[in-house]
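# Architecture at a glance
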Amino acid sequence: MKIIVLNGSPRPEGNTAAMIRAYRTGAEKAGHSVTVFDVCRMDIRGCLACEYCHTKAFRTCVRQDDMQKIYPVLDEADMIVLASPIYYHGFSGQLQCAINRIYAPGYPKKLKKAALLLSSGDHGVYDGAIFAYQNSFIEYLHLEDMGIFTAAGSENQSEELLTRLTAAGAALTDPDDHNVARLVITADDVTVRAKLNGTTAARDLMNRLPMTVTGFDSGIDYCCECADGALDESEMQDGWKNGDINLSGGYFAILYGGEEQSASYRQMIVAHLPEDENRMIQTLPKESVFEISLEEPYRRRDT
Ligand SMILES: Cc1cc2nc3c(=O)[nH]c(=O)nc-3n(C[C@H](O)[C@H](O)[C@H](O)COP(=O)(O)O)c2cc1C
């Protein structure tokens, strides 16, 4: 898989850099490709909160600085690693700046996993950084946590730490089916699970669940009224495959048939039902109420 590392330490031979080197060695041995961005050596300025990315040019940041080098790599990455020295109980300012700028793409397209590497002088100083990681990455972006690694004081650059990090990097595996989030859709006594894709609309939908919608069988789909939410026009496609689920135009549509005649319809596909489950959907009454939620472990803690 593709791993992006944001290194928040300004010291090229420092403690954070040593942690990254060890983790990277293991990950590369396991066949993963790793791109490290030393954000302290890049020209990355703060988010202006101008909302250009949400109102004028979707997912595009107006600031033309080095963050523009990070965005395309972030969109291709399966995993993100945040690595930072602890400064005043949080990330370094430079890393926080880069993190804030992820506001523009919002939901990086393929991210499934994350890990956190932290170095500090003292023990017991990690709560702030861990809170940000868990809430802004694991929970909000629905990523699988691949571990939080800390090194305080004399633990830094110790053989024990670096060996543990190399082993953790080497144990990383590609995101597989197990890590793909699924919608759980229940109507009457039928429950099916649809695999979500990595589109902006799908990621946004995850944060809007659970929801209840009512659908009418049109002969090729169950068409339910449902607000669109965030959507990247460039991810829309012509037509669908039987079993696809569309979320656009004010509809949540379970497109169980009609694939052959679908080419002229523009769709925002967010999920797909396997063949067997697609067959089960077709046994439902003409009008059905669908309860839609998220399969564990992706469900948010507060729902
Ligand atoms: C501006 C600044 C703030 C720091 N704040 C803390 C802190 O709040 N708690 C702590 O334990 N260490 C703190 N440290 C120490 C660093 O976290 C520690 O030396 C770390 O290992 C440095 O990592 P590096 O070698 O990758 O730069 C601070 C260091 C600097 C320069």
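Residues numbered from 1 in each chain as written. Predicted model: local features only at pLDDT ≥ 70, side-chain atom pairs only at ≥ 80, totals over all residues.

### Let's talk about the sheet that holds strand β8 (residues 211-217)
Here we have eight strands rolled up into a closed barrel, ordered β6-β7-β14-β11-β12-β9-β8-β15, and antiparallel in their pairing. Taking the axes of each pair of neighbouring strands and ignoring which way they run, one obtains an average angle of 30° across the sheet. Judged from the six bridges that link them, β8 and strand β15 (residues 287-294) form a sheet pairing that is antiparallel. Note that in β15 the partner of Thr-212 across the bridge is Glu-291. (Pairing = 2+ DSSP bridges. Helix = DSSP H or I, 4+ residues; strand = E, 2+ residues; numbered from the N terminus. Axes fitted to C-alpha atoms, helices over the stretch in contact; angles between N-to-C directions.)

### Here's the deal with the site of the ligand
Not every one of the 17 residues close to the ligand is listed here, only the nearest: Ser-9, Gly-14, Thr-16, Pro-85 and Gly-121. Of all elements in the fold, only α1 (15-29) and β4 (113-120) reach the threshold of two or more residues within the shell around the ligand. When residues of the shell around the ligand are assigned to their parent elements, the largest contribution, three residues, is made by α1. Residue composition of the shell around the ligand, by class: six nonpolar, nine polar and two charged. (Near = placed C-beta within 6 Å. Nonpolar A, V, L, I, M, F, W, Y, C, P; charged D, E, K, R; others polar.)

### Let's talk about the sheet that holds β4
Strand order in the open sheet made by the five strands is β2-β1-β3-β4-β5, with parallel pairing throughout. Each edge of the open sheet carries a strand with a single partner, namely β2 (33-38) and β5 (144-152). Strand-to-strand twist across the sheet, computed as the mean angle between neighbouring axes with direction ignored, equals 15°. Packed onto the sheet, helix α5 (residues 127-139) meets β3 (79-85), β4 and β5 and runs at close to 165° relative to β4. (Contact = placed C-beta atoms within 7 Å.)

### Overview of unusual backbone geometry
Geometrically, the link from Leu-209 to Pro-210 is a cis peptide bond, its omega value of 5° lying close to zero. Residue placement: Pro-210 occurs in the loop between α7 (200-206) and β8. Located in the positive-phi region is Ala-49, a residue other than glycine, with phi close to 55°. You can see Ala-49 is positioned in the loop between β2 and α2 (52-55). Since 8 C-beta atoms lie within 10 Å of it, Ala-49 is described here as exposed. (Buried ≥ 20, exposed ≤ 12 C-beta atoms within 10 Å, placed from the backbone.)

### Concerning the domain arrangement of the protein
We note that the domain assignment places domain 1 (2-177) and domain 2 (180-294) within the protein. The centre of domain 1, based on its C-alpha atoms, is set 33 Å off from the matching centre of domain 2. Taken together, the eight residues of domain 1 in the interface contact ten residues of domain 2. Within the side of domain 1 that touches domain 2, the residues separate by chemical class into two nonpolar, two polar and four charged. (Domains from an automatic or database assignment.)

### Looking at the pairing of strand β11 (residues 244-248)
Among the five residues in β11, five count as buried, and that is most of the element. Both faces of β11 are covered, namely the face carrying Asp-244, Asn-246 and Ser-248 and the face carrying Ile-245 and Leu-247. Bridge analysis of β11 against strand β12 (residues 251-255) gives five bridges, and the strand direction is antiparallel. Each residue of the ladder has a partner; that of Ser-248, found in β12, is Tyr-251. Two successive antiparallel strands, β11 and β12, enclose a turn made up of two residues, where Gly-249 displays a positive phi of approximately 65°. Bridge count for β11 against strand β14 (residues 269-272) is three bridges, and the pairing is antiparallel. Paired with Asn-246 across the two strands is Ile-269, which belongs to β14.

### With respect to the pairing of strand β7 (residues 190-196)
Bridge count for strand β6 (residues 182-187) against β7 is six bridges, and the pairing is antiparallel. Across the sheet, residue Ile-185 finds its bridge partner in β7, namely Val-192. Here β6 folds back onto β7 in antiparallel fashion, the turn holding two residues, of which Asp-188 has a positive phi close to 50°. Sheet analysis places β7 next to β14, joined by two bridges and oriented antiparallel. When the bridges of β14 are listed, Leu-196 appears paired with Ala-271.

### Some thoughts on the nonpolar core
Judged by nonpolar contacts, the single largest core of 50 residues is most densely connected at Val-5, Leu-6, Met-19, Val-81, Ala-98 and Leu-117. By residue number, the principal contributor to this core is α1, which donates seven residues. Setting aside chain neighbours within four positions, we find Leu-117 in contact with Thr-16, Met-19, Ile-20, Tyr-23, Val-81, Ala-83 and Phe-149. In terms of nonpolar packing, the next biggest core, distinct from the first, is built from 33 residues, Ala-202, Leu-231, Leu-247 and Met-268 among them. (Core = buried A, V, L, I, M, F, W, Y, C linked by C-beta atoms within 7 Å.)

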